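The residues making up each chain are set out below.
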Amino acid sequence: MALAMAGSLPAPACQICIPFPKKSAADYLIEAETVVLAREDAERPFYFATVATLKGDPGDEKIDLFLDSTTRRVLATYPQHSIVLARLTDGEKKMWRRIGTADKDMGPVVKDILAASAVWEKEPEQRITFFARRLGHDNPQVSTLAHLEIARAPYNEIRDCSGFLSRDEIHTFLDNIRYADWHPLYILLLAQSDAPADHELIRDSFGSAARFGSTLRLAAWATALIEIEDGKGVAKIEERYFRKAARKPEELLAVIQALSVHGTNGHTHLRERIIAAYGTLLENHPSMAPQVVRDLTAWKRTEFASEIAAYLTEKPTDLDFRTTLQLRTYVRSAKAISDGRE
């Protein structure tokens, strides 16, 4: 059952750029029942009052949200600016949340998001395109929102965003330490380049990480390596990581991420090769079984049921109840499928 259900799941977010899907300002705007532009309430200093309504109806109730001193000074300095507030529902409670500053750049973006949200629900690819065009925007609010939106997209959709930035722009972002949190995204975009120098940078960066045991951006460099080298990239990961008994768990987890991303919605034609590499991994690093089983379940593969069962008989002490249950479920499901074939 677990193997069958996996096929109906939506395309997962790419885990290379961000470790887990985060809500963006656009999510809050779309979910909100009410969105307003607000400034300081003349009758209540240090609190907000609505100056324009962008979505829903704020009603007559006062906005119960504190206006901090820094924002207050900014609004006093820039009378044309306002603060975007969204009223969200948390269970039975409704609360206001600050989304950003409606300046000359962010203000129009907020209005465009609200106007396009209905279309995005039917055509989600339009949302990716909207934010891809704003990657590297001069306004930090807009660029940060675009980065988050693109970084959490499925890998195959991230690949399609490479044409929105030039090679020079990608390198500029990679060279800028202020964008360090977003470097994994730009590494994935760099991998779409046909320039030999870019491919050499990817190979050198992966090789350096392997030599020195570094995990910094390793998942992204490994993903990029597979992108440019295909099966040879998988072979390098298998040889330099899975066959080495001394590798740290953090290193193994990083390169497993790269293989998982490609096997799921990247170079899916390499899935058989990736599964073979997982066999080597289980042989030398059986503690990585939970990560392997996650992909095997999603891909409806039963090859390593006996290896997982053998690992469970050792009663590993580092497994929690939920993970142990997942491994046992995989073994039972694989055996049921095997018995059915027989």
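Above this text sits the structure in question.
Residues numbered from 1 in each chain as written. Predicted model: local features only at pLDDT ≥ 70, side-chain atom pairs only at ≥ 80, totals over all residues. Heavy atoms only, no water.

A. Local environment of the packing of aromatic side chains. Taken as a whole, this structure holds 9 aromatic pairs when the rule is applied. The interplanar angle of 85° and the centroid separation of 4.9 Å between the aromatic rings of Phe-130 and Phe-131 together place this pair among those described as edge-to-face. Across this residue pair, the class does not change: Phe-130 and Phe-131 are buried. Taken together, the aromatic side chains of Phe-46, Tyr-47 and Phe-66 make up a single cluster linked through ring pairs. Positioned above the aromatic ring of Tyr-28 is the side chain of Arg-97, whose terminal nitrogen or guanidinium carbon lies 4.0 Å from the ring centre. A cation over a ring is seen here: Arg-247 above Tyr-241, with NZ or CZ 4.3 Å from the ring centre. (Phe/Tyr/Trp six-rings, centres within 6.5 Å; stacked < 30°, edge-to-face > 60°. Buried < 20%, exposed > 50% of the residue type's maximum accessible area, 1.4 Å probe, protein only. Lys NZ or Arg CZ within 6 Å of the ring centre and 35° of its normal.)

B. Seen up close, the sheet that holds strand 1 (residues 34–41). Across the sheet, 4 strands lie side by side as 2-1-3-4; this open sheet has antiparallel pairing. Each of the sheet's edge strands pairs with one partner strand only, and the pair in question is strand 2 (44–55) and strand 4 (93–102). Strand after strand, the sheet turns through a mean of 35° between neighbouring axes, direction not considered. Relative to strand 2, strand 1 is paired through 7 bridges, and the arrangement is antiparallel. Its bridge partner being in strand 2, Val-36 is matched across the sheet by Thr-53. (Pairing = 2+ DSSP bridges. Helix = DSSP H or I, 4+ residues; strand = E, 2+ residues; numbered from the N terminus. Axes fitted to C-alpha atoms, helices over the stretch in contact; angles between N-to-C directions.)

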